[in-house]
Amino acid sequence: MHTDKQVYQILATGAEAFRLLTGGIELAGEYCCRSVTLKALERRIDGVFEPVAGEGPVYVVEFQAQRDPAIYYRIVTEMARYGEEHPSCEVRGVLIFTQQGLDPATPPWREVADRGVALRVVYLEEVLREGFERMPDHPVLNTFLPWWLDDNEALARQAPGAYAAIADGPLDLVTRERLLEVFVSWMLERFRRNSYEEVMTMLNVLTPLEETVAYKQLVGIGQRKGRVEGRVEGRVEGRVEEARAILSRLLVRRFGPLSEPVEARLREASLDRLETWTDRVLDARGLEDVFDGRP
């Protein structure tokens, strides 16, 4: 299953998700998540969490779903280069492995991580196992159920309760919609042979995700299921800018932070092209489906 973008998307929902998935790191104040290209390395970091008000550490987050013997050197290099480009910032690192077996435990950096200050190491499977034992109804934890639970039959039985835990949880509207988007996208991956309508029926959802208030406010969705109308009212000269802003926001919420090439493509697109891409967003499983129109 695809996990990288979804994990960053969940982390970006706010302090509670960040605390759970980083082993207890408390964010002091409001943070934003963005991808950063380090000029010296010509390398992009997908998860940089920066304090909005400029107070507090910057966190460089690397999520690892496969074994990489050089991962400690890479994150330390990224932290150092970010700090060099932003010398007034305190920079810390977080390595999130899906499981402990992927951790190369490279000395001396693993020992640095054991101190839990400059660098922290987290194993997602352990975080979820302990979390589900203590807080089985937590909406952030339940978002991971399609990733966490291996058996499809068990997942089909438990998924409606997990969906309800997210939909009815004590969350703000934007966080709720983002978690539901990730949850549904993972369910669609797990049940590839089922249609979108069949998966939503499995979840006992009477109102499909694209018909929720948040989506209607965001992209003006019409009554045809699975289609995004994306028609923006207002002055003619402002339609392209408004359509671009709507599509960009929806893409970020579905697939995480956008790369510079994608943002450049959005800037250069016509109104007709923007509306065509917006029409594809809800059915897309990745950015290539949006831009290339592949099923």
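Residue positions are given per chain, counted from 1 along the sequence in the order it is written. Totals for whole chains, interfaces and linings use every residue, but because this is a predicted model, local features are given only for residues with pLDDT of at least 70 and side-chain atom pairs only at 80 or more, for both listing and counting. Side-chain numbers come from the whole structure's heavy atoms, not from hydrogens or water.

## As for the pairing of strand β3 (residues 58–64)
Okay, so step 1: The buried count for β3 comes to seven of seven residues, which makes it a mostly enclosed element.
Okay, so step 2: Remark: exposure states derive from per-residue accessible area (1.4 Å probe, protein chains only) relative to the maximum for the residue type, with buried under 20%, exposed over 50%, and partly exposed in between. Elements are defined by DSSP. Helices are runs of H or I of four residues or more, strands are runs of E of two residues or more, and each kind is numbered from the N terminus. The alternating pattern of β3 places V58, V60, E62 and Q64 on one face and Y59, V61 and F63 on the opposite face, and all of these are buried.
Okay, so step 3: For two strands to pair, DSSP has to find at least two bridges joining them. Direction of pairing for strand β2 (residues 43–51) relative to β3: antiparallel, over a ladder of three bridges. The residue of β3 that forms the bridge with V48 is V60.
Okay, so step 4: In this antiparallel pair of consecutive strands, β2 and β3, the connection spans six residues, and G54 shows a positive phi of 85 degrees.

## Quick word on the environment of T278
Okay, so step 1: Mapped onto the fold, T278 is located in helix α14 (residues 271–280).
Okay, so step 2: In this structure T278 comes out as buried when scored by relative accessible area, which is 3%.
Okay, so step 3: T278 sits twelve residues away from V290 along the chain, and the two C-alpha atoms are 7.6 Å apart.

## A short note on unusual backbone geometry
Okay, so step 1: With an omega dihedral of -5 degrees, the bond running from P107 to P108 counts as a cis peptide bond.
Okay, so step 2: For P108, the position within the fold is in the loop between β4 (91–97) and α4 (109–114).
Okay, so step 3: One non-glycine residue, A105, lies in positive phi territory at about 50 degrees.
Okay, so step 4: As for its position among the elements, A105 is in the loop between β4 and α4.

## Looking at the packing of aromatic side chains
Okay, so step 1: Here the aromatic set is Phe, Tyr and Trp, taking the six-membered ring for Trp, and pairing holds for ring centres within 6.5 Å; pairs whose planes are under 30 degrees apart are stacked, those over 60 apart are edge-to-face, and all others are tilted. What the rule picks out here adds up to ten aromatic pairs.
Okay, so step 2: Aromatic side chains Y31 and Y59 sit 6.2 Å apart centroid to centroid with 45 degrees between the ring planes, which places their arrangement in the tilted category. One end of the pair, Y31, is in strand β1 (residues 31–38); the other, Y59, is in strand β3, and 28 residues separate them in sequence.
Okay, so step 3: The class for Y31 is buried, based on a relative accessible area of 14%.
Okay, so step 4: Summarising the aromatic geometry, the rings of F144 and W147 are spaced 6.4 Å apart at their centres and angled 80 degrees between planes, so their arrangement reads as edge-to-face.
Okay, so step 5: When its relative accessible area of 0% is taken as the criterion, F144 is described as buried.
Okay, so step 6: Accessibility expressed as a relative area gives 16% for W147, which makes it buried.

Remember that the coordinates give geometry; whether it matters functionally is a separate question.
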